[in-house]
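Single-letter residue listing:
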Amino acid sequence: MHAQIVLYDGFDPLDVIAPFEVLAAGSECAGGDLWVELVSAEGPRSVTSGTRGLTLSATAALDPSVPGCVIVPGASGRVAGDPDDGVETIPVLLARAAQTELTPLLGKAFGNPEMTVAGVCGGSVVMAMSGLIEGRHAVTHHLGLDLLDAAGVRAVAARVVDDGDLVTAGGVTSGLDLGLYLLDRWYGPRIAHAVEKLFEYERRGTVWRAAGREPVEA
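A quick note: this is a predicted structure, and the numbers were derived from the prediction, not measured.

## Describing the overall build of the protein chain
Part 1 of the reasoning: Counting its regular elements, the protein chain contains 7 helices and 12 strands.
Part 2 of the reasoning: Counting over 218 residues, the protein chain shows a buried share of 50%.
Part 3 of the reasoning: Considering only contacts within the protein chain whose residues lie at least 6 apart along the sequence, 62% involve residues at least 24 apart.
Part 4 of the reasoning: Accessible surface for the protein chain amounts to roughly 10,300 Å². Of this, 52% is attributable to carbon and sulfur atoms.
Part 5 of the reasoning: Distance between charge centres in the protein chain, computed from 15 positive and 28 negative side chains, equals 5 Å.

Here it is, written out as structure tokens:
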């Protein structure tokens, strides 16, 4: 099984590294069953993040045909400013990523029954701007929930939201929770717990799913 974590220009480093380390550790606990790699829509290349020029290397092109998951990170940068004045705010970076070859590749990933598409922070906004998750349940950083609503996504204010083949997580540190939840889904709680113990980190919050009894409004 493959876990492909996407790099694009302006990505947020922690959105990438947190799930990368969790899933890599989980692979070791699962006997090497999971192959974890950094990819880009364009293929192998050095990709500059939105945080002080930090650069990571994509070692392969995103392949939507393999079983496993694709994880789309958010962007880092300015949260305020006028794009008409050339200010590259986070929404501008996310929109730019949505206009690349990443969008059709993610569309193919959603068409693969053996693939889960996941997002950390603004990663779900990239998918929303691409028109890929309209009507689906998803979460992003709390500052971006209105962007999901505007794109026709059913925004949920939860740490992690499981909508079947779409799993999304909130702000940047939630990439840890996303990785641990995916390990639990794939390999069971003992693998996820072993990684929690190794990292000295426990998952936060309840994973939201469209299941069970509806809460009564107070």
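## Thoughts on the sheet that holds strand β5 (residues 60–61)
Part 1 of the reasoning: One open sheet holds the 8 strands; their spatial order is β5-β2-β1-β6-β7-β11-β10-β12, and the pairing between them is mixed. In this open sheet, the two strands that pair with only one neighbour each are β5 and β12 (208–209).
Part 2 of the reasoning: Summarising the sheet, strand β10 (residues 160–162) and strand β11 (residues 166–169) pair through 3 bridges and their orientation is antiparallel. Bridged to V160 within β11 is A169.

## Focus: the packing of aromatic side chains
Part 1 of the reasoning: Within the structure shown, the criterion is met by 1 aromatic pair.
Part 2 of the reasoning: Geometrically, the ring pair formed by W186 and Y187 is edge-to-face, given 6.4 Å between the ring centres and 80 degrees between the ring planes.
Part 3 of the reasoning: In this structure W186 comes out as partly exposed when scored by relative accessible area, which is 21%.

## Let's talk about the nonpolar core
Part 1 of the reasoning: Core analysis: the largest hydrophobic core is formed by 66 residues, its most contacted members being Y8 and I71.
Part 2 of the reasoning: Residue contacts for I71: discarding those within four places in its chain leaves Q4, I5, V6, P19, L23, A118, V120, L178 and L182.

## Here we look at the pattern of salt bridges
Between side chains of opposite charge, a pair can form when the charged atoms approach closely.
Part 1 of the reasoning: Counting across every chain of the model gives 9 salt bridges.
Part 2 of the reasoning: Ionic pairing is found between R136 and D163, a salt bridge with its closest N-O pair at 2.5 Å. Of this pair, R136 sits in the loop between α4 (123–129) and β8 (137–138) while D163 is found in the loop between β10 and β11, placing the two residues 27 residues apart along the sequence.
Part 3 of the reasoning: Of the residues examined, R136 reaches a relative accessible area of 21% and is grouped as partly exposed.

## Topic: unusual backbone geometry
Part 1 of the reasoning: One non-glycine residue, R52, lies in the positive phi region at around 55 degrees.
Part 2 of the reasoning: Relative to the elements of secondary structure, R52 occurs in the loop between β3 (45–48) and β4 (55–58).
Part 3 of the reasoning: Look at R52 and you get exposed, because its relative accessible area is 86%.
Part 4 of the reasoning: In the Ramachandran plot, C121 falls in the positive-phi region, its phi being about 55 degrees despite a non-glycine side chain.
Part 5 of the reasoning: Structurally, C121 can be placed in the loop between β7 (115–120) and α4.
Part 6 of the reasoning: Classification of C121 by relative accessible area gives buried; the value is 8%.

## Some points on the environment of L198
Part 1 of the reasoning: With respect to the helices, strands and loops of the structure, L198 is situated in helix α7 (residues 189–199).
Part 2 of the reasoning: C-alpha of L198 to C-alpha of V22: the two residues are 176 residues apart in sequence and 9.7 Å apart in space.

## What about the UniProt feature "domain: DJ-1/PfpI" (unreviewed entry) in the protein chain?
Part 1 of the reasoning: The positions that UniProt labels "domain: DJ-1/PfpI" (unreviewed entry) are, in the present scheme, residues 108–183.
Part 2 of the reasoning: Split by type, residues 108–183 is 34% helix and 22% strand. Its first and last C-alpha atoms lie 23 Å apart.

## Examining the side chain of T89
Part 1 of the reasoning: Mapped onto the elements, T89 comes out in the loop between β6 (68–72) and α2 (90–98).
Part 2 of the reasoning: Apart from residues no more than four positions distant in its own chain, T89 is found in contact with R78, A80, G81 and P83.

## Regarding the pairing of β6
Part 1 of the reasoning: Within β6, 5 of the 5 residues are buried, which leaves it mostly tucked inside the rest of the structure.
Part 2 of the reasoning: Across 4 bridges, the pairing between strand β1 (residues 2–6) and β6 is parallel. Bridge pairing links H2 to G68 in β6.
Part 3 of the reasoning: Where β6 lies against β7, 5 bridges are found, and the strand directions are parallel. Pairing of V70 across the sheet is with V117, part of β7.

Parameters at a glance
Residues numbered from 1 in each chain as written. Predicted model: local features only at pLDDT ≥ 70, side-chain atom pairs only at ≥ 80, totals over all residues. Heavy atoms only, no water. Helix = DSSP H or I, 4+ residues; strand = E, 2+ residues; numbered from the N terminus. Buried < 20%, exposed > 50% of the residue type's maximum accessible area, 1.4 Å probe, protein only. Contact = heavy atoms within 4.5 Å. Areas by Shrake-Rupley, 256 points an atom, 1.4 Å probe, with all protein chains shown as cover. Lys, Arg positive; Asp, Glu negative; His and termini not counted. Charge placed at Lys NZ, Arg CZ, Asp CG, Glu CD. Pairing = 2+ DSSP bridges. Phe/Tyr/Trp six-rings, centres within 6.5 Å; stacked < 30°, edge-to-face > 60°. Core = buried A, V, L, I, M, F, W, Y, C linked by side-chain atoms within 4.5 Å. Salt bridge = Lys/Arg side-chain N within 4 Å of Asp/Glu carboxyl O. UniProt positions renumbered as here; feature names shortened; annotations may be inferred.

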